[in-house]
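Structure assessment
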Amino acid sequence: MSVRDRVEEIYEQVLLRNAGEPEFHQAAAEVFESLHVVLERHPRYADSGLIERLCEPERQIIFRVPWTDDNGNVHVNRGFRVQYNSVLGPYKGGLRFHPSVNLGIVKFLGFEQIFKNALTGLPIGGGKGGSDFDPKGRSEAEIMRFCQSFMTELQRHIGEYTDVPAGDIGVGGREIGYLFGQYKRLTNSFESGVLTGKGLNWGGSMVRTEATGYGVAYFTAEMMAAKGESLEGKKVVVSGSGNVAIYAIEKVHQLGGTVVACSDSAGYVVDPKGIDLELLKEIKEVKRARISEYADQVPHATYVEGGSIWDVECEIALPCATQNELDEVAAKKLVACGVQAVAEGANMPTTAQGIKVFRDAGVAFAPGKAANAGGVATSALEMQQNASRDSWSFEYTDERLSKIMRGIHERCITTAAEYGQPGDYVHGANIAGFVKVADAMFAMGVI
Ligand code: GLU
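First things first, this report covers the structure right here in the doc. Throughout this description, residue numbers start from 1 for each chain and increase along the sequence as written. Thresholds applied to this predicted model are a pLDDT of at least 70 for local features of residues and 80 or more for the giving and counting of side-chain atom pairs; totals over whole chains, interfaces and linings are not thresholded and use all residues. To obtain the side-chain values, all non-hydrogen atoms of the structure were included, while hydrogens and water were left out.

Remarks on the overall build of the chain
- Looking only at helices and strands, the chain features 16 helices and twelve strands.
- Radius of gyration (C-alpha) of the chain: 21 Å, near the 22 Å computed for a compact globule of 447 residues.
- Dimensions of the chain along its principal axes, counting C-alpha atoms only, are 60 × 55 × 45 Å.
- Residue-level accessible areas treat just the shown protein chains as cover; the underlying method is Shrake-Rupley with a 1.4 Å probe. Working note: accessible area of the chain is about 17400 Å², and carbon and sulfur atoms make up 50% of it. Only DSSP runs of H or I covering at least 4 residues are called helices, and only runs of E covering at least 2 are called strands; the numbering of each starts at the N terminus. Radius of gyration: C-alpha atoms only; globule rule: 2.2 Å multiplied by the number of residues to the exponent 0.38.

Here it is, written out as structure tokens:
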């Protein structure tokens, strides 16, 4: 059987075994597409069920999360933790609280996390978790009770050497605080390395809050440099307005670009003079309000209800909202207006057809597992600080982050060239991540 047929056969099995999980199928397909070329060169990677084992999570935990709202009504949510692969280190990956969360979504995120974490060069395995809980409109007290109930079950399954969760959509510093407090209470130990994204005065790391967004901007600067270009004077569109988007905007501005638009789930705002970050932070982080408020306060800005932020012309596009937010139609519009580079701040924000449009047009396209790896990398730096009971300065940690992002960019470029796909970040990231994980799996035998 040819390598291509063998890969197809395994992919078919993955589809059958994980029916009804389209996002997981999409994430797997993206990696499988890069495997042919690796297996043709190194057929041993198809031995000992390695790919089948890689696709099957080591453990999947699903649990009930009951909690009581402020009016005394009981709600029941579903909690997840998928412990995907631990050959490189303890499972590592965020928790997402969003009504769209289901097992397929958590598996797609966990699967991507394996390769992303491998690419950082740091000793972390891959995992992901979350709940279909919707934090929107919930009071502080409700958020706290939910987090406490969630951790009451999750604490049985995590630990600094086992599984180290962090934030993702809907889980930021506030939630990590409540989760850590409940873990500490239940286990009667201050095990700081069990969660990352903690507050600065109780074990958190400098730069962790900024890391994903900063990392996306550093990676984009490397992509531009590889084309003999820079961010200086470039018009940039960043979708989303959460943690990743906010700090991507901050760093793009520091590196000389101008972010002219950002969005939330209700619409997008265009500010031709460049997004006023202090105002955006005030609206999103302090008031936890809608982005439409931005246009209420800035006369020269416009708010577009609904619609697509990708209608806004730009030279660089950074999708930082959520999965599948940038489809084929949007990609074609971006190509038509001359976009030069696209780097994913969110996880899998571009559809498979969208990616094809960029690749066919020769647009530099960086997948999330490379471009947004700065967040989890800085989580691993937080773990290092916790293990040594140390805390590093902002400058030192930021320097480590930017070096890691340069390293990931370099690894993508050299691997893509080595496997005959020069300049293709998707193949570069998939292959470099896969080879590292696969070699470790071989070393440890069939487990
Ligand atoms: N949720 C982030 C990601 O998608 C960060 C995970 C972490 O820091 O563990 O990579």
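Having seen the structure, we can now continue with the description.
Topic: the nonpolar core
- Within this scheme, the nonpolar core is defined by two criteria: the residues are buried Ala, Val, Leu, Ile, Met, Phe, Trp, Tyr or Cys, and they are joined through side-chain atoms within 4.5 Å. Per-residue accessibility, obtained with a 1.4 Å probe over protein chains only, is compared with the maximum for each type, and a residue is labelled buried under 20%, exposed over 50%, and partly exposed between these values. One finds F219, L318 and I408 to be the most contacted residues of the largest nonpolar core, which totals 61 residues.
- Whether two residues touch is decided by their heavy atoms; if any such pair falls within 4.5 Å, the residues are in contact. Look past the residues within four positions of I408 in its chain and what remains in contact with it is L119, T120, F219, A370 and A373.
- By size, the runner-up hydrophobic cluster in this structure holds 42 residues, among which are V7, A46, V101 and M441.

Some thoughts on the sheet that holds strand β8 (residues 267-270)
- In this analysis, strands are considered paired if DSSP registers two or more bridges between them. Across the sheet, which stays open at both edges, the seven strands sit in the order β9-β8-β7-β6-β10-β11-β12 with mixed pairing between neighbours. For this open sheet the edge positions go to β9 (302-305) and β12 (364-366), each flanked by a neighbour on one side alone. Neighbour to neighbour, the strand axes of the sheet diverge by 15° on average, direction disregarded.
- Pairing between strand β11 (residues 341-343) and β12: three bridges, direction parallel. Lines fitted to the C-alpha atoms define the axes, with helices restricted to the stretch that makes contact. Angles between their N-to-C directions range from 0 to 180 degrees.

Quick notes on the side chain of D398
- Structurally, the position occupied by D398 is in helix α15 (residues 394-418).
- Leave out the neighbours within four places in its chain, and D398 touches V207, Y214, Y218 and K251.

Comments concerning the sheet that holds strand β2 (residues 74-85)
- Across the sheet, which stays open at both edges, the five strands sit in the order β1-β2-β4-β3-β5 with mixed pairing between neighbours. Only two strands of the sheet have a single neighbouring strand rather than two, namely β1 (59-68) and β5 (163-166). The average undirected angle you get between the axes of adjacent strands in this sheet is 20°.

Here's the deal with the packing of helix α4 (residues 103-119) against helix α16 (residues 425-444)
- Contact pair α4 / α16: the axes reach a minimum separation of 8 Å and the direction vectors enclose 85°. By the angle between their directions, the pair α4 and α16 is classed as roughly perpendicular. Residues I114, F115, A118 and L119 of α4 pack against A429, A432, G433, F434, K436 and V437 of α16.
- Note on residue classes: Ala, Val, Leu, Ile, Met, Phe, Trp, Tyr, Cys and Pro are nonpolar, Asp, Glu, Lys and Arg are charged, and everything else, Gly too, is polar. Along the lines of polarity and charge, the residues of the contact of α4 with α16 split into eight nonpolar, one polar and one charged. Any angle between 65 and 115 degrees counts as roughly perpendicular, while under 35 counts as roughly parallel, over 145 as roughly antiparallel, and the rest as oblique.

Some thoughts on the side chain of K198
- Following the sequence through the fold, K198 ends up in the loop between α6 (173-187) and α7 (208-226).
- Of the polar contacts made by the side chain of K198, one reaches the backbone oxygen of S192; its length is 2.8 Å.
- Of note is the side chain of K198, whose polar atom sits 2.9 Å from the side chain of N386.
- The residues contacting K198, other than those within four sequence positions of it, are I176, F180, S192, G203, G204, S205, E382 and N386. We define a polar contact as two N or O atoms separated by no more than 3.5 Å, with the added condition that, inside protein, one atom must be a possible hydrogen donor and the other a possible acceptor, whereas residues neighbouring each other in sequence contribute only through side-chain atom pairs.

Points about the pairing of β5
- Because side chains alternate across β5, one face comprises the buried residues D163 and P165, and the other comprises V164 and A166, equally buried.
- As paired strands, strand β3 (residues 91-97) and β5 are joined by four bridges and run parallel to one another. Bridged to Y91 within β5 is D163.

Some thoughts on the environment of K116
- Following the sequence through the fold, K116 ends up in helix α4.
- With relative accessibility at 5%, the residue K116 sits in the buried group.
- Residues K116 and D168 lie 52 residues apart in sequence; the distance between their C-alpha atoms is 15 Å.
- Not counting residues up to four positions away in its chain, the partners in contact with K116 are N347, G368, K369, N372, A373 and V376.
- For K116, the side chain forms a polar contact with the side chain of N347, separated by 2.9 Å.

A short note on the pattern of salt bridges
- Take a side-chain nitrogen of Lys or Arg and a carboxyl oxygen of Asp or Glu: if they are within 4 Å of each other, that pair is a salt bridge. Considering all chains together, one arrives at 27 salt bridges under this definition.
- One salt bridge in this structure joins K128 and D168, with 3.0 Å as the shortest N-O distance. On the criterion of sequence distance, the pair formed by K128 in strand β4 (residues 126-131) and D168 in the loop between β5 and α6 is long-range, its members being 40 residues apart.
- The class of D168 is buried, set by a relative accessible area of 19%.
- For E382, the salt bridge identified is with K198, shortest N-O distance 2.7 Å. With E382 in helix α14 (residues 374-387) and K198 in the loop between α6 and α7, this residue pair connects regions lying 184 residues apart in the sequence.

Quick word on the packing of α15 against α16
- Packing of α15 against α16 leaves a shortest axis separation of 7 Å and a crossing angle of 100°. Looking at the two axes, α15 sits roughly perpendicular to α16. Between α15, through H409, R411, C412, I413, T415 and A416, and α16, the contact on the second element is made entirely by Y425, G428, A429, I431 and A432.
- Taken together, the residues that form the contact of α15 with α16 break down as seven nonpolar, three polar and one charged.

Some thoughts on the site of the ligand
- A cutoff of 4 Å decides nearness: a residue is near a molecule or strand if any of its heavy atoms lies inside that distance of it. The ligand sits among 14 residues. The nearest are K92, K116, G167, D168 and S379.
- D168 is positioned such that a nitrogen or oxygen atom in its side chain is 2.8 Å from a nitrogen atom of the ligand.
- A distance of 2.6 Å separates an oxygen atom of the ligand from a polar atom in the side chain of S379.
- Coverage of the ligand by the protein amounts to 95% of the 290 Å² it exposes when considered alone.
- Breaking the shell around the ligand down by element, the ones donating at least two residues are β3, α4 and α14.
- Class assignment for the residues of the shell around the ligand results in two nonpolar, seven polar and five charged.

Such coordinate-based values are descriptive only and should not be taken to indicate function.
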